[in-house]
Amino acid sequence: MSNEGTGRTRGTLAAARADQAVREALTLVDEGGLEALTMRRLADRLGVHLPTIYRSFANKGALVGEMAEAILARALPAGPFDGADWTDHVRHLAGSLRAALLAQRDGARIVGGNYTAKRNNLTYVDTLVGCMREAGLARDHSLWAASSVFCYVLGETLEQQGAAGGETETLEGVLRAGGYPHLTAGPAHRLLDFDARFAFGLELLLTGIGAAERTASPG
């Protein structure tokens, strides 16, 4: 086999080992949370020496970056979107990202802490920016609008994944003690209806984006 062929084979094997490590790392997080993930624990899980892990990932941050990429891969559209207009496309993208984050324990923390310029991350955001351009926003406004949607999904999912259960009873007990008239007067438990409030907040964003487009339009 030529040196070039040997190099390709080694590269393929290294990529396969890295992919397996990412899958096992995500499983470790599913089992014990992000705090449970360490490079040594991952090495033990894979049955390899610790230096083997560091040959694939320079540090834990690099590993988490690849874990974020794996999660974002699930949020990317499988093909061209066949919807009515840009708002339907944004709803679809936001819902897909939320589903991908919720499918992985601490998914929002993993993706939210990842600022590396990697393919799946950039592809998702680029698709969102395209939606904003379709809405008629200027290029810089399209970037900011896409960022607003992305951060909204992350923030809402982060709060949902941080809820450990029993929050409704705790909240209602605190409110009964007084001092929060507006919260007490309303159905406070709806604060924790994550599905409904996500959908409502997303519609607020879409309405605002649409209003920004109309404001920027001539005449």
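As the structure is a prediction and not an experimental result, all values here were calculated from the model.

1. Some remarks on the UniProt feature "DNA-binding region" (unreviewed entry) in the chain
Next, step 1: Here the UniProt-annotated "DNA-binding region" (unreviewed entry) positions come out as residues 38–57.
Next, step 2: Here residues 38–57 runs as 75% helix and 0% strand, with 12 Å between its end C-alpha atoms.

2. A few points about the packing of aromatic side chains
Next, step 1: All told, the structure shown has two aromatic pairs when counted by the stated rule.
Next, step 2: Note on Tyr152 and Phe198: the rings are 5.5 Å apart at their centroids and 20° apart in plane angle, and the pair reads as stacked. In this pair, Tyr152 is assigned in helix H8 (residues 139–162) and Phe198 in helix H11 (residues 194–216), connecting sequence segments 46 residues apart.
Next, step 3: Lying over the aromatic face of Phe198, Arg98 brings its terminal NZ or CZ to 4.7 Å of the ring centre.

3. Points about the nonpolar core
Next, step 1: One finds Leu63, Met67, Ile110, Leu128 and Met132 to be the most contacted residues of the largest nonpolar core, which totals 49 residues.
Next, step 2: Of all the secondary-structure elements, those providing two or more residues to this core are helix H1 (3–32), helix H2 (39–46), helix H4 (60–75), helix H5 (86–102), helix H6 (107–112), helix H7 (119–134), H8 and H11.
Next, step 3: Among all residues touching Met67, those that are not within four sequence positions of it are Val22, Ala25, Leu26, Val29, Leu37 and Ile110.

4. Describing the pattern of salt bridges
Next, step 1: By the definition in use, this model includes eleven salt bridges.
Next, step 2: A salt bridge links Arg91 to Glu203; its shortest N-O distance comes to 2.7 Å. Placement of Arg91 in helix H5 and of Glu203 in helix H11 is noted, with a sequence separation of 112 residues between them.
Next, step 3: You can call Arg91 partly exposed: its relative accessible area is 31%.
Next, step 4: Because the salt bridges share partners, they merge into one network encompassing Glu24, Glu31 and Arg45.

5. Observations concerning the packing of H5 against H7
Next, step 1: As a packed pair, H5 and H7 sit with axes 9 Å apart at the nearest point and diverge in direction by 160°. Here H7 runs roughly antiparallel to H5, going by the angle between their axes. Here H5 and H7 pass one another in a crossing that is left-handed. In contact with Trp86, His89, Val90, Leu93, Ala94 and Leu97 of H5, H7 contributes Tyr124, Thr127, Leu128, Cys131, Met132 and Glu134.
Next, step 2: Taken together, the residues that form the contact of H5 with H7 break down as nine nonpolar, two polar and one charged.

6. Looking at the environment of Val149
Next, step 1: For Val149, the location among the structural elements is in helix H8.
Next, step 2: Each C-alpha atom, one on Val149 and one on Leu128, is 8.3 Å from the other, the two residues being 21 residues apart in sequence.
Next, step 3: Once residues lying within four places of it in the same chain are set aside, the contact partners of Val149 are Val90, Ala94, Leu128, Met132, Leu205 and Ile209.

7. Structural notes on the side chain of Asn120
Next, step 1: With respect to the secondary-structure elements, Asn120 resides in helix H7.
Next, step 2: Looking at Asn120, the relative accessible area reads 16%, which means it is buried.
Next, step 3: If sequence neighbours within four positions are ignored, Asn120 has contacts with Glu69, Leu72, Ala73 and Leu76.

What counts, and at which threshold
- Residues numbered from 1 in each chain as written.
- Predicted model: local features only at pLDDT ≥ 70, side-chain atom pairs only at ≥ 80, totals over all residues.
- Heavy atoms only, no water.
- UniProt positions renumbered as here; feature names shortened; annotations may be inferred.
- Helix = DSSP H or I, 4+ residues; strand = E, 2+ residues; numbered from the N terminus.
- Phe/Tyr/Trp six-rings, centres within 6.5 Å; stacked < 30°, edge-to-face > 60°.
- Lys NZ or Arg CZ within 6 Å of the ring centre and 35° of its normal.
- Core = buried A, V, L, I, M, F, W, Y, C linked by side-chain atoms within 4.5 Å.
- Buried < 20%, exposed > 50% of the residue type's maximum accessible area, 1.4 Å probe, protein only.
- Contact = heavy atoms within 4.5 Å.
- Salt bridge = Lys/Arg side-chain N within 4 Å of Asp/Glu carboxyl O.
- Axes fitted to C-alpha atoms, helices over the stretch in contact; angles between N-to-C directions.
- Parallel < 35°, antiparallel > 145°, perpendicular 65-115°, else oblique.
- Left-handed = near helix turned anticlockwise from the far one by under 90°.
- Nonpolar A, V, L, I, M, F, W, Y, C, P; charged D, E, K, R; others polar.

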